[in-house]
Amino acid sequence: MSQLGSDLLRKPLKVACIQIASGPDKTQNLVKAREKVLQVASEGARLIILPECFNSPYSTAKFREYAESLSAPLDPAKSPSFVALAQMAQDAAAFIVGGSVPECDGSRHIYNTCAVYSPQGELLAFHRKMHLFDINVPGGMSFHESDTLSAGNQIMIVDLEGYGKIGLGICYDMRFVEPSMIAARRGVFALVYPSAFNTTTGPLHWELLGRARAVDNQVYTILCSQSRDPDSSYPAWGHSMVTDPMGQVIAGTNESEDIVYALLNPETIKQSQMAIPITYQRRHDVYPDIAKLAQPDK
């Protein structure tokens, strides 16, 4: 039997999505991210999310150039973004979901990787984007992450001490319901998606997917996008948002640089699960429990 309300989220949690656009200057991207992280921390945010590829251009031609090592011990010369994120978390005294950073693993593989840090600046976990964004939209856009990136192979659930667990995905991962269902069955209170949806698919599916994943699983969804840079070769959709377990968008913005704040409440999760008790009405005598078929948490 799944958990309810305060068993998932143990106390209210203020979250902040930092919607900014990355440029070609990695150092300047990191300076801007730090400034915004400290700003939202001063406003009481204790879970802070940055967007996908916040430190680099979102470009298959640039991922390798901007890639960094996540191997310990971190070298500031080889891992400036990961080192900076750890310091941001410590200085902000907050949990940070570090958007994503192109990561090199010591071989020829490059991953799109989200690292999560504790308020003490400790690396809690990292998620490598599982589903690569390879699409051809007729009359729209064509983009192939697999030209440069390799796919991760693990569902990531992170325990935020004192609050509960979150499930991680990166952008295109949000389209695949199975990882979100597995994370929800394993007791997360929120699904977090650093993203850079584009202006072709964003108007169609961004809000729809965020609300759907929330309703499917009766948890919060937190979508943090890059802001739109009209001069970029890949203009992001923006519209960062937080959706509650009933599928209501409780906080959001437009395409411009902005910060989205929301207060997550244990009672909201509990009420939604009691009102529409799909958690207890699943027919695992008819269809299998997907969480039991997946690999155990690592």
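Above this text is the structure in question.
Computed from a predicted model, the values in this text were never measured in an experiment.

Asks: Tell me about unusual backbone geometry, residues and numbers included.
Replies: With an omega of -5°, the peptide bond between Ala72 and Pro73 qualifies as cis. The backbone of Gln218 sits at a positive phi, close to 55°, despite the residue not being glycine. Structurally, Gln218 can be placed in the loop between α5 (202-217) and β13 (220-225). Accessibility expressed as a relative area gives 3% for Gln218, which makes it buried.

Asks: Got a sec to walk through the packing of aromatic side chains? Specific residues and values, please.
Replies: Scanning the entire structure with this criterion turns up six aromatic pairs. Relative to Tyr163, the ring of Phe95 lies with its centre 6.3 Å away and its plane at 85°, an arrangement referred to as edge-to-face. In this pair, Phe95 is assigned in strand β4 (residues 95-97) and Tyr163 in the loop between β10 (156-160) and β11 (164-168), connecting sequence segments 68 residues apart. One exposure class covers both Phe95 and Tyr163, and it is buried. Seen in terms of ring centroids, Phe133 and Tyr172 are 5.3 Å apart; in terms of plane orientation they differ by 65°. Their pairing is edge-to-face. Residue Phe133 is found in the loop between β7 (123-128) and β8 (134-136), and its partner Tyr172 is found in the loop between β11 and α4 (177-185); the two are separated by 39 residues along the sequence. Both residues of the pair, Phe133 and Tyr172, count as buried. In textbook terms, an aromatic cluster arises when at least three aromatic residues are bridged by ring pairs, as seen for Tyr58, Phe63 and Tyr234. The positively charged end of Lys14 is found above the aromatic ring belonging to Tyr261, 4.9 Å away from the centroid.

Asks: Tell me what's going on with the pairing of strand β6 (residues 110-117), and back it up with residues and numbers.
Replies: Counting buried positions over the eight residues of β6 gives eight, a clear majority of the element. Residue alternation in β6 divides its side chains into two sets, Ile110, Asn112, Cys114 and Val116 and Tyr111, Thr113, Ala115 and Tyr117, and both sets are buried. Across two bridges, β4 lies against β6 in antiparallel orientation. Among the inter-strand pairings, Ile96 is bridged to a residue of β6, identified as Tyr117. Relative to β6, strand β5 (residues 101-104) runs antiparallel, the two being bridged by four bridges. Each residue of the ladder has a partner; that of Glu103, found in β6, is Tyr111. Between β5 and β6, which pair antiparallel one after the other, the connecting turn spans five residues, and Gly106 there sits at a positive phi close to 95°. Two elements, β6 and β7, share five bridges in a ladder whose sense is antiparallel.

Asks: Quick rundown of the pairing of β13? Include the residues and the values.
Replies: β13 sits mainly inside the fold: six of its six residues count as buried. Here β13 shows no split at all, with Tyr220, Ile222 and Cys224 on one side and Thr221, Leu223 and Ser225 on the other all buried. Bridge analysis of β13 against strand β14 (residues 241-243) gives three bridges, and the strand direction is antiparallel. Counterpart to Leu223 in the pairing with β14 is Met241.

Asks: So what about the packing of α4 against α5? Which residues, and what values?
Replies: Packing of α4 against α5 leaves a shortest axis separation of 10 Å and a crossing angle of 40°. On the basis of the axis angle, α4 is oblique to α5. The way α4 lies across α5 gives a crossing that is right-handed. Here α4 contributes Val177, Ser180, Met181, Ala184 and Arg185 to the contact with α5, which in turn contributes Arg213, Asp216 and Asn217. Looking at the contact of α4 with α5, its residues break down into three nonpolar, two polar and three charged.

Asks: So what's going on with the pattern of salt bridges? Residues and values would help.
Replies: Considering all chains together, one arrives at eleven salt bridges under this definition. Between Arg34 and Asp91 there is a salt bridge, and its shortest N-O distance comes to 2.9 Å. Pair noted here: Arg34 is in helix α1 (residues 26-42) and Asp91 is in helix α3 (residues 80-92), with a separation of 57 residues, a long-range link. Of the residues examined, Arg34 reaches a relative accessible area of 31% and is grouped as partly exposed. With a relative accessible area of 37%, Asp91 lands in the partly exposed category. Residues joined in a network through salt bridges with shared partners are Lys32, Lys36 and Glu257.

About the thresholds
- Residues numbered from 1 in each chain as written.
- Predicted model: local features only at pLDDT ≥ 70, side-chain atom pairs only at ≥ 80, totals over all residues.
- Heavy atoms only, no water.
- Helix = DSSP H or I, 4+ residues; strand = E, 2+ residues; numbered from the N terminus.
- Buried < 20%, exposed > 50% of the residue type's maximum accessible area, 1.4 Å probe, protein only.
- Phe/Tyr/Trp six-rings, centres within 6.5 Å; stacked < 30°, edge-to-face > 60°.
- Lys NZ or Arg CZ within 6 Å of the ring centre and 35° of its normal.
- Pairing = 2+ DSSP bridges.
- Axes fitted to C-alpha atoms, helices over the stretch in contact; angles between N-to-C directions.
- Parallel < 35°, antiparallel > 145°, perpendicular 65-115°, else oblique.
- Left-handed = near helix turned anticlockwise from the far one by under 90°.
- Contact = heavy atoms within 4.5 Å.
- Nonpolar A, V, L, I, M, F, W, Y, C, P; charged D, E, K, R; others polar.
- Salt bridge = Lys/Arg side-chain N within 4 Å of Asp/Glu carboxyl O.

None of the figures reported here should be taken as evidence of function without further support.
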